[in-house]
Amino acid sequence: MLNLILFGPPGAGKGTQSEKIIAKYNLIHLSTGDLLRSEIQAGSELGLKAKTLMDQGLLVPDEVVIGMIDHKLSAHRDAAGFIFDGFPRTVKQAEALDTLLASHNENISVMVALVVEDDELLARLLNRGKTSGRPDDQNEELISKRIQEYNSKTKPVADYYQQQEKFVPINGIGEIETIFEEINKAIAAV
Ligand code: B4P
């Protein structure tokens, strides 16, 4: 079973590369961002709470996203593997993911981290904001807040997997296809 974490700051290309990885490896895509946006669209209580935080560029509480992932893992017990996109975003989420996978006799195979500088992230997200309709892509202040949240709360997750020798950094700047080839090499080395 291949259990891959696609890691990186907002706008690093996680969603973009996830689509290509799923198509090639037949993995189940678990994007906490997408799951939260579905809850918002459905107008659920969880969605309403998440929206208030997401619209400010803040992370949603750990318990909420861990619960969503738990639910999805149990629903796909016979999957060939999973791609975790935008999760874990805190060390607490990483620890919870390890525990959840262990209860299914599984573990993380590799964490692929897309490395992109802040000014490029800002440019990409402002550009996406012109067409995505995502409230969190609309202005520089909000995007900077998301990058700040990443630097303070999410970056330590990389150290967590580095200690487990599962961390593979990849240059996230360049052609989408070239970046995908580098991801394929990291997967082949698992
Ligand atoms: P996410 O949905 O995960 O959104 P994201 O960080 O913006 O990444 P995304 O995958 O969408 O962007 P991508 O890099 O592919 O999170 C949104 C919010 O949800 C968070 O701020 C938080 O509030 C909440 N949330 C989600 N998960 C959570 C968790 N686990 N815990 C707590 N809260 C959570 O693409 C960006 C743009 O770059 C695109 O326009 C793309 O076309 C472009 N691009 C991609 N690759 C490129 C390349 N190589 N060159 C040029 N442009 C490229």
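What you see is a predicted model, and the numbers here were worked out from it, not measured in a lab.

Parameters and conventions
Residues numbered from 1 in each chain as written. Predicted model: local features only at pLDDT ≥ 70, side-chain atom pairs only at ≥ 80, totals over all residues. Near = placed C-beta within 6 Å. Helix = DSSP H or I, 4+ residues; strand = E, 2+ residues; numbered from the N terminus. Nonpolar A, V, L, I, M, F, W, Y, C, P; charged D, E, K, R; others polar. UniProt positions renumbered as here; feature names shortened; annotations may be inferred. Buried ≥ 20, exposed ≤ 12 C-beta atoms within 10 Å, placed from the backbone. Contact = placed C-beta atoms within 7 Å. Core = buried A, V, L, I, M, F, W, Y, C linked by C-beta atoms within 7 Å.

*Asks:* Residue-level account of the site of the ligand, with values.
*Replies:* Neighbouring the ligand are 27 residues; G13, G15, T32, G33 and G86 lie closest to it. Listing elements by their share of the shell around the ligand, those giving two or more residues are α1 (14-25), α2 (32-42), α3 (45-54), α6 (118-132) and α8 (176-188). Split into classes, the residues belonging to the shell around the ligand amount to 12 nonpolar, 9 polar and 6 charged.

*Asks:* Give me the lowdown on the UniProt feature "binding site: AMP" (unreviewed entry) in the protein, citing residues and values where you can.
*Replies:* Per the UniProt record, the feature "binding site: AMP" (unreviewed entry) sits at T32, R37, L58, L59, V60, G86, F87, P88, R89, Q93, R134 and R146. Annotated residues spanning 115 residues; largest pairwise C-alpha distance 24.3 Å, indicating distribution over more than one region. In this structure, V60 sits in the loop between α3 and α4 (62-75). Look at V60 and you get buried, because 20 C-beta atoms sit within 10 Å. In this view, V60 contacts L36, A50, L53, M54 and V65; residues no more than four positions away in its chain are not counted. Tracing the backbone through its elements, the reader meets F87 in the loop between β3 (81-85) and α5 (91-103). In contact with F87, other than residues within four places in its own chain, are L30, T32, V65, I69 and Q93.

*Asks:* For the environment of L126, give the residues involved together with the corresponding values.
*Replies:* Relative to the helices and strands, L126 is located in helix α6. Along the chain, L126 and V91 lie 35 residues apart, while their C-alpha atoms are 28 Å from each other. The residues contacting L126, other than those within four sequence positions of it, are E140 and I143.

*Asks:* Residue-level account of the nonpolar core, with values.
*Replies:* Core analysis: the biggest nonpolar cluster contains 39 residues, and I69, I83 and V112 have the highest contact counts within it. When residues of this core are assigned to their parent elements, the largest contribution, 5 residues, is made by α4. Aside from chain neighbours lying at most four places away, what touches V112 is L4, L6, F7, V168, I170, I183 and A186.

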